[in-house]
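Structure at a glance
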Amino acid sequence: MTFSSTEFALLEHYVKKILAAPVYQLAVRTPLQVAPALSAALGNQVLLKREDLQPTFSFKIRGAYNKLVQLTPEQRARGVIAASAGNHAQGVALAARELGIAASIVMPRTAPQLKVQGVRNLGAEAVLHGESFPFALAHALELAQQTGREFVSPFDDPDVIAGQGTVAMEILRQHPGRLDAIFVPVGGGGLIAGVAAYVKYLRPDVRIIGVESQHSACLQAALAAGERVRLAQVGTFADGVAVAQIGAHGFDVCRFCVDEVMTVTNDQLCAAIKDIYDDTRAITEPSGALAVAAIKQYVARTGARGQTLVAIDSGANINFDSLGHVAERAAMGAI
Ligand SMILES: *Cc1c(COP(=O)(O)O)cnc(C)c1O
């Protein structure tokens, strides 16, 4: 992959922001671990970046904290409004509590109860509105206008993207050796934009593969169309990535930094949740299992052997009572 000077300047801009992001006041450096059974089954070394082990159980705390910590004293005093399917909500709520900022968060009515309760437990206001993320987003933008509170996007903001990019900084430091590809779950594109910018600046040979749910493949649609398109509807099983339109800032990076975008089915996600459980004894939410599901599909398609493939395990916020459904479907999705 080669870049024009404008593209390279954009990557450098993000790398600087990522290196300067003070996320470790709240986020932790998560392990990058071998998944032994998956690796053996696939004939490749599969490494899991354990973002499910963050406080609030997803990487979203990185971007949320990096955004909130950079607000001016006036903005902090007015408070913040966010829209989120749930994980960004918890990230913003925790960061806001830490920094003494008032936060209200609009979440779709379909958000798992666990995520809604998580937000309330952290002292933020949770407003339930709309069937899926796009409706919650519209309502949050309206409220921000009415109240003068700062809107904190879950993905479409350079400070949020830079915070998420610290995941890639850790991966490259934790694994300086051979690295063939990093599989990144994609919702609105904040995580993949930060990861791709950092990795392509330093190690352009490492493939960046975006992974979307078949029911919310807005990055794939945008890359095919050459512009950001809005999906008419999105499925919410993988609620963490149920986004109808890729973010503008994220797309600016993804359009030249992402090698490939794959999609996976809900049944493949359920099977991947089981694979991750078998290797780690940890439960992943559907969005958190996107990357592992894609690695299995990738190896089956390409016949790759002996490669080192990283999956970002992005979150663990799943209602306990939906595990029965996941276990049932896992059998259907097994390849
Ligand atoms: C937000 C989220 C994603 C997708 O991140 P984007 O920056 O919106 O692309 C993936 N997995 C989980 C668990 C998430 O919460």
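In this report, the structure presented in the accompanying data block is examined. (Residues numbered from 1 in each chain as written. Predicted model: local features only at pLDDT ≥ 70, side-chain atom pairs only at ≥ 80, totals over all residues. Heavy atoms only, no water.)

Some remarks on empty space enclosed by the protein
Taken as a whole, this structure holds two cavities of 30 Å³ or more when the rule is applied. In this structure, the largest cavity spans a volume of roughly 270 Å³. Surrounding the largest cavity, 25 residues form its lining, Phe59, Lys60, Gly187, Gly240 and Val241 being those nearest its centre. Of all elements in the fold, only helix H5 (87-99) and helix H9 (190-202) reach the threshold of two or more residues within the lining of the largest cavity. Split by domain, the residues of the lining of the largest cavity number at least three in each of domain 1 (5-58 + 158-333) and domain 2 (60-152). (1 Å grid on protein atoms, 1.4 Å probe; cavity = no way out; pocket = protein on both sides within 12 Å on 5 of 7 lines; lining within 4 Å. Points joined across faces, edges and corners; volume = space filled by probe spheres on them. Helix = DSSP H or I, 4+ residues; strand = E, 2+ residues; numbered from the N terminus. Domains from an automatic or database assignment.)

Things to note about the pattern of salt bridges
One pass over the structure, following the stated rule, counts 17 salt bridges. For Lys49, the salt bridge is made with Glu170, and the minimal N-O distance between the two is 2.8 Å. Separated by 121 residues along the polypeptide, Lys49 in strand E2 (residues 45-50) and Glu170 in helix H8 (residues 158-174) bring together distant segments of the chain. For Glu170, a relative accessible area of 4% translates into the label buried. Lys67 serves as the salt-bridge partner of Asp157, at 2.8 Å between the closest nitrogen and oxygen. Within this pair, whereas Asp157 is found in the loop between strand E6 (150-152) and H8, its partner Lys67 is found in helix H3 (residues 60-68), the two being separated by 90 residues in sequence. Assessed through its relative accessible area of 9%, Asp157 is described here as buried. (Salt bridge = Lys/Arg side-chain N within 4 Å of Asp/Glu carboxyl O. Buried < 20%, exposed > 50% of the residue type's maximum accessible area, 1.4 Å probe, protein only.)

So, the site of the ligand
Around the ligand lies a shell of 17 residues, among which Lys60, Asn87, Gly187, Gly189 and Ser314 are the nearest. The contact in question runs from an oxygen atom of the ligand to an N or O atom on the backbone of Gly189, over 2.8 Å. Taken by itself the ligand offers 380 Å² of open surface, and the protein chains cover 98% of this. Using a 2 Å cut-off from the grid points, one finds that the ligand occupies the largest cavity. Tallied by class, residues from the shell around the ligand come to six nonpolar, nine polar and two charged. (Near = heavy atom within 4 Å. Polar contact = N/O pair within 3.5 Å; in protein donor to acceptor, adjacent residues only side chain to side chain. Areas by Shrake-Rupley, 256 points an atom, 1.4 Å probe, with all protein chains shown as cover. Sits in = over half its atoms within 2 Å of the grid points. Nonpolar A, V, L, I, M, F, W, Y, C, P; charged D, E, K, R; others polar.)

Things to note about the packing of H3 against H8
Packing of H3 against H8 brings their axes to within 7 Å, and their N-to-C directions diverge by 135°. In this view, H3 runs oblique relative to H8, as classed from their interaxial angle. Relative to H8, the crossing made by H3 is right-handed. In this structure, H3 uses Lys60, Arg62, Gly63, Asn66 and Lys67 to contact H8, whose residues at the interface are Asp159, Val160, Ala162, Gly163, Gln164, Thr166, Val167 and Glu170. Of the residues contributing to the contact of H3 with H8, the split by class is three nonpolar, five polar and five charged. (Axes fitted to C-alpha atoms, helices over the stretch in contact; angles between N-to-C directions. Parallel < 35°, antiparallel > 145°, perpendicular 65-115°, else oblique. Left-handed = near helix turned anticlockwise from the far one by under 90°. Contact = heavy atoms within 4.5 Å.)

Thoughts on the pairing of strand E4 (residues 103-107)
With five of five residues buried, E4 is to be regarded as a mostly interior element. A two-sided burial pattern is seen for E4, the buried positions comprising Ala103, Ile105 and Met107 on one face and Ser104 and Val106 on the other. Pairing between strand E3 (residues 80-83) and E4: four bridges, direction parallel. Along E4, the bridge assignment pairs Val80 with Ala103. In the classification by handedness, the crossover that spans E3, the intervening H5 and the parallel E4 is right-handed. Of the pairings in the sheet, the one linking E4 to strand E5 (residues 125-128) comprises four bridges and is parallel in character. Bridge pairing links Val106 to Val127 in E5. Chirality of the crossover, the property in question, places the unit of E4, helix H6 (residues 113-121) and E5 among those that are right-handed. (Pairing = 2+ DSSP bridges. Right-handed = clockwise from strand over helix to strand, strands pointing away.)

With respect to the packing of aromatic side chains
Summed over the entire model, instances satisfying the criterion amount to four aromatic pairs. Measuring from centroid to centroid gives 5.2 Å for Phe183 and Tyr298, while their planes differ by 75°, and the two rings are edge-to-face. Of this pair, Phe183 sits in strand E7 (residues 181-185) while Tyr298 sits in helix H13 (residues 290-302), placing them 115 residues apart in sequence. Under the relative-accessibility criterion, Tyr298 is labelled buried at 6%. (Phe/Tyr/Trp six-rings, centres within 6.5 Å; stacked < 30°, edge-to-face > 60°.)

Here we look at the sheet that holds E5
Sheet strands line up and pair through hydrogen bonds in the backbone, either parallel or antiparallel. In space, the four strands of this open sheet follow the order E5-E4-E3-E6, with parallel pairing throughout. Both edges of this open sheet fall to E5 and E6, since each of them pairs with a single strand only. Neighbour-to-neighbour, the strand axes of the sheet open up by a mean angle of 25°, direction not taken into account. In the packing of H5 onto the sheet, contacts are made with E3, E4 and E6, and the angle to E4 comes to roughly 175°. The sheet contacts of H6 involve E4 and E5, and relative to E5 the element is tilted by about 145°.

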